[in-house]
Amino acid sequence: MLKKLQGKCDLFIHNRQEMQKGFTWDYPAVKGLSAMLCTVCGQKVDINYIRTCRKMLRQELAGTGYVEGQALISAATLLALSKDSVRRFQHMMRLYNMFVHSGFQASVYTLMIALNIAEYKDESQYEAIVERAADTYEKLMHNEWFAKLDLQQAYKEVCAVSFAEMDSEAYFEKTRKCYSILEEVLPTWGSIYVVTDALLINSSNAEKKCRYVIDIYNKLRQAGYEFREDFEYSVLGVLALVCDSTDQAVEDVITVCRYLESRSEFNQFNMQRDQYLTYAAMLVEAQYIEDIELGQYISEFVGDVFVTMNISIIINMVENASSNI
């Protein structure tokens, strides 16, 4: 294993242990996800600041109809990692309220959408983004093919925001092509959705990357590694998006997975193999993204792909409270 990738693994293990100490009674899944978000940014967990951000969110959300769930820690972690947390918090709440008033759910995934937009979009664009998203959502719901997909409400809203960022007709056509390719192999509409949502971050290359997804998926299965939950497939989409060689990607993921499994301090969390696999894939793709020469675009690219995964994971954690990832 490359030394820098092992360094990421060690930082993640440290962050996961710190999250366990700092949020003992909170949901295991959100502690792992928050630890990963900090690791991706190359930072050690700051428990006190995450608590401060969660307190701010609780106070501000109290009058909006939002019902707090465990996943709020993930939103607090993203806020804590921001270069200007106060500004991002103010802009996030403005966007969140705009989305809720336009018909979106008062939920943690709407909050995550607002957080991402607040980080990467100019304030002057907010109104137009929300209007396009609401309009696109209505169009999607009246599209016969899309409306019959067995997707959770939150996925449909996230999809509407993604579609609104581009020419919706062209984007929609690419989505259908991805679905038609992936449904040959992936087991559920949910798994196909989270993969497609990641791939369409770079829509010009999406169909080629669908083939990468299938290749990685099959090679991992042949080696005895399989995802179990729909949301875990989101990391498969990101891995395909950022890798150059599927063989190398599979080798790196398996190497990291075995390394995590070998660390006794990590085994205390009683995880299944698919959970190790999910974390391993996230660490590998984080290293790949770091290695990509994208200049100023790199920060937005990292934000998009990891917030995409974050939303997918949070939605499923809320729906499936037994998850222990």
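Residues numbered from 1 in each chain as written. Predicted model: local features only at pLDDT ≥ 70, side-chain atom pairs only at ≥ 80, totals over all residues. Heavy atoms only, no water.

S.K.: Tell me about the environment of Y217, and please be specific about residues and values.
M.R.: Structurally, Y217 can be placed in helix α12 (residues 206–222). Those residues in contact with Y217, other than ones at most four positions away along the chain, are V185, L186, P187, Y233 and L236. (Helix = DSSP H or I, 4+ residues; strand = E, 2+ residues; numbered from the N terminus. Contact = heavy atoms within 4.5 Å.)

S.K.: Provide a residue-level description of the packing of aromatic side chains, including the pertinent values.
M.R.: One pass over the full model with this rule turns up four aromatic pairs. Arranged with centres 4.9 Å apart and planes meeting at 50°, the rings of F12 and Y279 form a pair that is tilted. Here F12, found in helix α1 (residues 3–22), pairs with Y279, found in helix α16 (residues 273–291); they are 267 residues apart in sequence, far enough to count as distant. We classify F12 as buried; its relative accessible area is 0%. Y279 gets classed as buried once you look at its relative accessible area, which sits at 2%. When the ring of Y217 is compared with that of Y233, the centres are 6.1 Å apart and the planes differ by 40°; the resulting orientation is tilted. Of this pair, Y217 sits in helix α12 while Y233 sits in helix α13 (residues 233–242); the two residues are 16 residues apart in sequence, bridging distant segments of the chain. There is no split in this pair, since Y217 and Y233 are both buried. (Phe/Tyr/Trp six-rings, centres within 6.5 Å; stacked < 30°, edge-to-face > 60°. Buried < 20%, exposed > 50% of the residue type's maximum accessible area, 1.4 Å probe, protein only.)

S.K.: Outline the environment of A206, supporting the account with residue identities and numerical values.
M.R.: Locating A206 in the fold gives a position in helix α12. Non-local contacts of A206, meaning those with residues more than four positions away in its chain, are made with C178, L199 and L200.

S.K.: If you had to explain the confidence of the model for the protein to someone new, which residues and values would you point to?
M.R.: Per-chain confidence: the protein averages 79 in pLDDT, with 78% of residues scoring 70 or above. Averaged pLDDT values over the elements of the protein bottom out at 47 in helix α17 (residues 297–319) and peak at 94 in helix α14 (residues 246–262). Confidence drops under a pLDDT of 50 for residues 293–303, and excluding neighbours within four residues, the segment shows 15 contacts in the predicted structure. (pLDDT = per-residue confidence, 0-100.)

S.K.: Summarise the nonpolar core; cite the residues concerned and give the values.
M.R.: If you look at the biggest cluster of nonpolar residues, it comprises 98 residues, and the most contacted ones within it are L57, M92, L111, I216, L220, L260 and F266. Among the elements that line this core, the one with the most residues is α16, at 11 residues. Apart from the residues lying within four places of it in its own chain, the contact partners of I216 are L236, L239, A240, C243, T246, A249 and V250. (Core = buried A, V, L, I, M, F, W, Y, C linked by side-chain atoms within 4.5 Å.)

S.K.: Please provide a residue-by-residue account of the state of the cysteines, values included.
M.R.: Under the definition given, this model contains zero disulfides. The thiol sulfur of C38 is not disulfide-bonded, and the nearest other cysteine sulfur, from C41, lies at 7.1 Å. (Disulfide = S-S within 2.5 Å.)

S.K.: Before we move on, could you go through the packing of helix α2 (residues 28–40) against helix α4 (residues 72–81) and cite the residues and values that matter?
M.R.: It is at 9 Å that the axes of α2 and α4 come closest, and there the two elements cross at 15°. Put simply, α2 runs roughly parallel to α4. Where α2 crosses over α4, the handedness of that crossing is right-handed. Mapping the contact onto sequence places V30, L33, S34, L37 and C38 in α2 and I73, S74, T77, L78 and L81 in α4. Split by residue class, the contact of α2 with α4 holds seven nonpolar, three polar and no charged. (Axes fitted to C-alpha atoms, helices over the stretch in contact; angles between N-to-C directions. Parallel < 35°, antiparallel > 145°, perpendicular 65-115°, else oblique. Left-handed = near helix turned anticlockwise from the far one by under 90°. Nonpolar A, V, L, I, M, F, W, Y, C, P; charged D, E, K, R; others polar.)

S.K.: Describe in detail the packing of helix α5 (residues 85–101) against helix α6 (residues 108–120), supporting the description with residues and values.
M.R.: Following both chains from N to C, one finds α5 and α6 inclined at 130°, their axes separated by 8 Å at the closest point. Judged on the interaxial angle alone, α6 and α5 are oblique. The crossing of α5 and α6 is right-handed. Contacts from R87, R88, H91, M92, M93, L95, Y96 and F99 of α5 reach α6 at T110, L111, I113, A114, L115, N116, I117, A118 and E119. Its residues placed into classes, the contact of α5 with α6 shows 11 nonpolar, three polar and three charged.

S.K.: Which residues make up the side chain of D274, and what values do they have?
M.R.: The residue D274 is located in helix α16 in this model. A relative accessible area of 6% places D274 in the buried class. Residue contacts for D274: discarding those within four places in its chain leaves E226, F227, R228 and E232.

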